[in-house]
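# Fold and contact review
Below, each chain spelled out in residue letters.
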Amino acid sequence: MGFNLQLLFTGIGVGSIYALVALGFVLIYRATNVVNFAQGDFAMLGAFSMVVLAIDFGLPYWLSIILTLAALAAFGAIFNLAVYYPLRNRSFLPVIISTIGASILLENGVLAAYGPRPQSLPTVFSGQGITIGSVFLDSQYLLIIGVAAAMVAFQFLLFERTFIGKKLQAVSQDKEMASLLGISVGTMIMVTFIYSATLGGLAGVLVAPILFVSVGMGSSIALKAFAASIIGGFGEVTGAIIGGLILGVIETFGAAYISVPYKDAFAFLGLFIVLLFRPQGLLGERVAEKA
Amino acid sequence: MLRNAFGMVVSLAAIALTAVGAAAHAADPIKIGMVAPSTGPVAESGKFQTEGAMLAVDEINKAGGVLGRQLQLVIEDDQSTNPGVILAFSKVAGDKDIVAFLGPIRSTQVHAMAPDVLKVAKPVLIGGTDPSLTHMGNPWLFRFRPNDSYSARVIADFGVNTLGKKKWAVVHATDAFGTAGMTSLVASLKSMGVEPVLVQGYTSNSQDFTPVVLAVKQSGADILGTYMTNEPDQGIFAKQLQQLGVKPAWVGSPTTVTTTALKLAGAALYGSYAVVDFNRDSSPAAKEFAAKYEAAYKTTPDIFGSWAYDAVHVLALAIANGKSLEPEKVRQAILAVQGYQGAEGVYNFDKNGDGLHGYNIVKNNDGTIVFEKHIDFKD
């Protein structure tokens, strides 16, 4: 029993990491209809920013988090202007290639600036966690699960209950119509990039104490997060969370009961099965081609 | 006017160079080629490597050189890649005056350039530890670090005979390094009559090791032997072992005591053991090298510098002993080197071109690496 509960907790913890990054994917996809392949690198930048501020400069942890999120917000704006905006009137393909290019540039830029050695970052809490029965609950994972839940609630309220959320939705559904109604499409997309980059940075700050800080950390999480958002139904906020959790739990149990080396395969097998039987994703709406 | 002045400077320089060339002709330096990364992801290790070699060259030259001639290093950047090393080697090999070469510390790069080494037919001194490198019929490769078959034997010998542990869990990455290490370790344990209670592989860059830790726990192992390639993986694994209260003895591959591993895992690795080829406290020669290196470069030396330092010294010794620069004579003279005290250990070359046959065991004593013992094998 303890064995399975331990696996379940770990699965949900790892799944929450995927979910946090998947949220960023979903937001940008909703606003621009393209997948941002540099989403994982936002997390990597957030983590490196924490190392620079909290360790190299010795600033207090809370201040480093605030400055990191602010820096990522500013970076989101720059990213929009440099990577998306010049190609906004083209089809989705050039934009996707552009985000892949940005990802390569970011990873190698950080490699050149900070070197190849992975760094470590202390956890937010001083205690490692709590033990209930035979199950150990890592404090950092508890924090990640909590933040992921809070972000889902926040994002739900933002999109469904606020005026700016409605405007963001309108832009993602039909840009021309939205602009005819007097919504500034450019501003809404800018807001989306700023928010997604901040969210990615937050994910990086939270996972850094667990996964350590290295140049490739973002892309390895992003691949799973991408799969998670497809499982959940691409473009669905709740779907991204559910997809992330399912993925985390499947791979943890698969590793424990079947094979550790094939851990990643279980995750992608899950993706494969969903695509086969429910291509629109668990929560996605069926899109029929109009005649 | 300016052009005239420039032309004059160039001709003066040319005259000066010719004069220097003529003067030096009497005792041309003995050239040693070297391929090492100065760009790319592992450029940092290349710096240690060239500095180790240069330190030895300077010492030998100050002591009068070899056969009355000075040594000179010709270094090319291998860009940290396999195509890069082939390109770099073909550049240095184009210089017919070069007597021998220092090659890479990465086995995959040595494999990549091995066919060209056969064609060039001059000694290449390497640091790659894949056992097959000196066992594939290439007579020109000489190894200056103990190969991985010895690391597994030392891990098994130390764990079984010194620590007295019989219930082994072997955890390894499923890449070439991890799988080769696991195979050797399991074979060594079996030869000592020990059947591991768990052999568990994992793919590199895992975000979580809970299933592996729980498997170790359920197996009831009292000792852990590991071949983990990436330090972040090892850090996550070590921390989760500690969190879930699994505390076997631990003897790891050299990755367990790299500076990065110590920094990432912190307290989670305290009390663990590891095999390393270079440790400053392992012998007077190692201590002396470390002191000289620190005096020259103001940083602590590590495994990337020590073998290159030894390689240059052994090469100089072989040339002096054989009194010839002819490749075959140098080759025979290197193979004849026995009992040479280097920074990495005592070199006794075997017919395959392996100089070292053992490893040091070190302990992580609350973050400080302490030398435990050196285990050497005769075969």
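Residues numbered from 1 in each chain as written. Chains lettered and ligands numbered in written order. Predicted model: local features only at pLDDT ≥ 70, side-chain atom pairs only at ≥ 80, totals over all residues.

### Some thoughts on the nonpolar core
So the rule is basically this: Working definition: the nonpolar core is a set of buried Ala, Val, Leu, Ile, Met, Phe, Trp, Tyr and Cys residues, joined through C-beta atoms within 7 Å. Partly exposed residues are those whose C-beta has more than 12 but fewer than 20 other C-beta atoms within 10 Å; with 20 or more the residue is buried, with 12 or fewer it is exposed, and the C-beta atoms are placed from the backbone. All the domain ranges listed were derived from an automatic or database domain assignment. What counts as a contact here is a pair of residues whose C-beta atoms, placed from the backbone, lie within 7 Å.
The biggest cluster of nonpolar side chains holds 188 residues, and the ones touching the most others in it are Val21(A) and Ala47(A). Residue contributions to this core reach at least three from each of two domains, namely domain 1 (30–146 + 282–347) and domain 2 (149–276 + 361–376) of chain B. Excluding residues within four positions of it along the chain, Val21(A) makes contact with Gln39(A), Gly40(A), Ala43(A), Gly200(A), Ala203(A), Ile221(A), Ala222(A) and Ala225(A).

### Points about the environment of Ala203(A)
Residues and elements named next belong to chain A. Quick note on the threshold: The helix count covers DSSP runs of H or I at least four residues long, the strand count covers runs of E at least two residues long, and both are numbered beginning at the N terminus.
With respect to the helices and strands, the residue Ala 203 is situated in helix H8 (residues 185–211). Take Ala 203: there are 34 C-beta atoms within 10 Å of it, and that puts it in the buried class. Between the alpha carbons of Ala 203 and Gly 24 there is a distance of 9.6 Å; along the sequence they are 179 residues apart. What Ala 203 contacts, discounting residues up to four positions off in sequence, is Ile 17, Leu 20, Val 21, Ala 43 and Gly 46.

### Description of the domain arrangement of chain B
Residues and elements named next belong to chain B. When cut into domains, chain B gives domain 1 (30–146 + 282–347) and domain 2 (149–276 + 361–376). A C-alpha centroid distance of 30 Å is found between domain 1 and domain 2. Taken residue by residue, the interface counts six residues in domain 1 and seven residues in domain 2.

### What about the sheet that holds strand E8 (residues 223–227) of chain B?
Pairing between sheet strands relies on hydrogen bonds along the backbone, with the strands arranged either parallel or antiparallel. All names here are of chain B. Condition: A pair of strands is labelled paired if DSSP reports no fewer than 2 bridges between them. Geometry is summarised by axes, namely lines fitted to C-alpha atoms with helices restricted to the contacting stretch, and by angles between N-to-C directions that run from 0 to 180 degrees.
Pairing within the open sheet is mixed, and its seven strands lie in the order E7-E6-E8-E9-E10-E13-E14. Both edges of this open sheet fall to strand E7 (198–202) and strand E14 (368–376), since each of them pairs with a single strand only. Taking each pair of neighbouring strands and ignoring which way they run, the sheet shows an average axis angle of 20 degrees. Here strand E9 (residues 249–252) runs beside strand E10 (residues 273–276); their pairing, made up of two bridges, is parallel. Bridging across to E10, Val 251 finds its partner in Tyr 273. Contacting strand E6 (168–173), E7 and E8, helix H6 (residues 176–191) crosses the sheet at an angle of about 160 degrees to E6.

### Examining the packing of helix H9 (residues 217–232) of chain A against helix H10 (residues 237–257) of chain A
Residue and element names in this part refer to chain A. Heads up, the rule is: Should an angle lie under 35 degrees it is considered roughly parallel, over 145 roughly antiparallel, and from 65 to 115 roughly perpendicular; all remaining angles are considered oblique. Handedness of each helix crossing follows the sense of rotation of the near helix against the far helix: counterclockwise by less than a right angle gives left-handed, clockwise gives right-handed.
At a closest axis distance of 7 Å, the pairing of H9 and H10 adopts a crossing angle of 120 degrees. Considering their axes alone, H9 and H10 lie oblique with respect to each other. Between H9 and H10 lies a crossing whose hand is right-handed. When H9 is examined against H10, the residues Lys 224, Ala 225, Ala 227, Ala 228, Ser 229, Ile 231 and Gly 232 are found in contact with a partner set consisting of Gly 239, Ala 240, Ile 242, Gly 243, Gly 244, Ile 246 and Leu 247.

### Side note on the confidence of the model for chain B
All names here are of chain B. For the record, the criterion: Residue-level confidence of the predictor is what pLDDT reports, using numbers from 0 through 100.
In this model, chain B carries a mean pLDDT of 89, and residues with pLDDT of at least 70 account for 93%. Ranking the helices and strands of chain B by mean pLDDT puts strand E4 (residues 124–126) first, with 97, and helix H1 (residues 2–24) last, with 51. Confidence drops under pLDDT 50 across residues 19–26; counting only partners more than four residues distant or on other chains, this segment forms zero contacts. Reported for the predicted complex are a pTM of 0.81 and an ipTM of 0.85.

### Brief notes about H9(A)
Residues and elements named next belong to chain A. Test applied: Multiplying one less than the number of residues by 1.5 Å gives the expected span of a helix.
In this model, H9 (16 residues) spans 23 Å end to end at C-alpha, consistent with the 22 Å of a helix rising 1.5 Å per residue. With respect to burial, H9 is a largely interior element, 14 of its 16 residues being buried. Gly 233 sits one or two positions beyond H9 and adopts a positive phi of about 110 degrees.

### So, the pairing of E14(B)
Pairing of strand E13 (residues 358–365) of chain B with E14(B) involves eight bridges; the strand directions are antiparallel. Bridging across to E14(B), Asn360(B) finds its partner in His374(B).

### Overview of the interface of chain A and chain B
Selection rule: Following the grouping adopted for this structure description, the nonpolar residues are Ala, Val, Leu, Ile, Met, Phe, Trp, Tyr, Cys and Pro, the charged ones are Asp, Glu, Lys and Arg, and the polar ones are all others, Gly among them.
Counting residues at the interface gives 25 residues for chain A and 24 residues for chain B. Counting only elements with at least two residues in the side of chain A that touches chain B, the list comes to helix H1 (2–32), strand E2 (135–138), H10 and helix H11 (263–277) of chain A. No other element matches the five residues that H1(A) contributes to the side of chain A that touches chain B. Residues that form the side of chain A that touches chain B fall into these classes: twelve nonpolar, nine polar and four charged.

### As for the pairing of E6(B)
Residue and element names in this part refer to chain B. How we decide: The handedness of a crossover follows from its direction of travel: if, with the strands pointing away from the viewer, the path from the first strand over the helix to the second runs clockwise, the crossover is right-handed.
Across the six residues that make up E6, a large majority, six, are buried. Taking every second residue as pointing to the same face, both faces of E6 are buried, with Trp 168, Val 170 and His 172 on one and Ala 169, Val 171 and Ala 173 on the other. Note that E6 and E7 share five bridges and pair parallel. Opposite Val 171, over in E7, you have Gln 200 as the bridge partner. Each parallel crossover has a hand, and the one from E6 via H6 to E7 is right-handed.

### Comments concerning the environment of Tyr85(A)
All names here are of chain A. By the secondary structure assignment, Tyr 85 is in the loop between helix H3 (61–84) and helix H4 (92–114). Of the residues examined, Tyr 85 has 15 C-beta atoms within 10 Å and is grouped as partly exposed. Sequence separation between Tyr 85 and Gly 186 is 101 residues; the distance between their C-alpha atoms is 8.4 Å.

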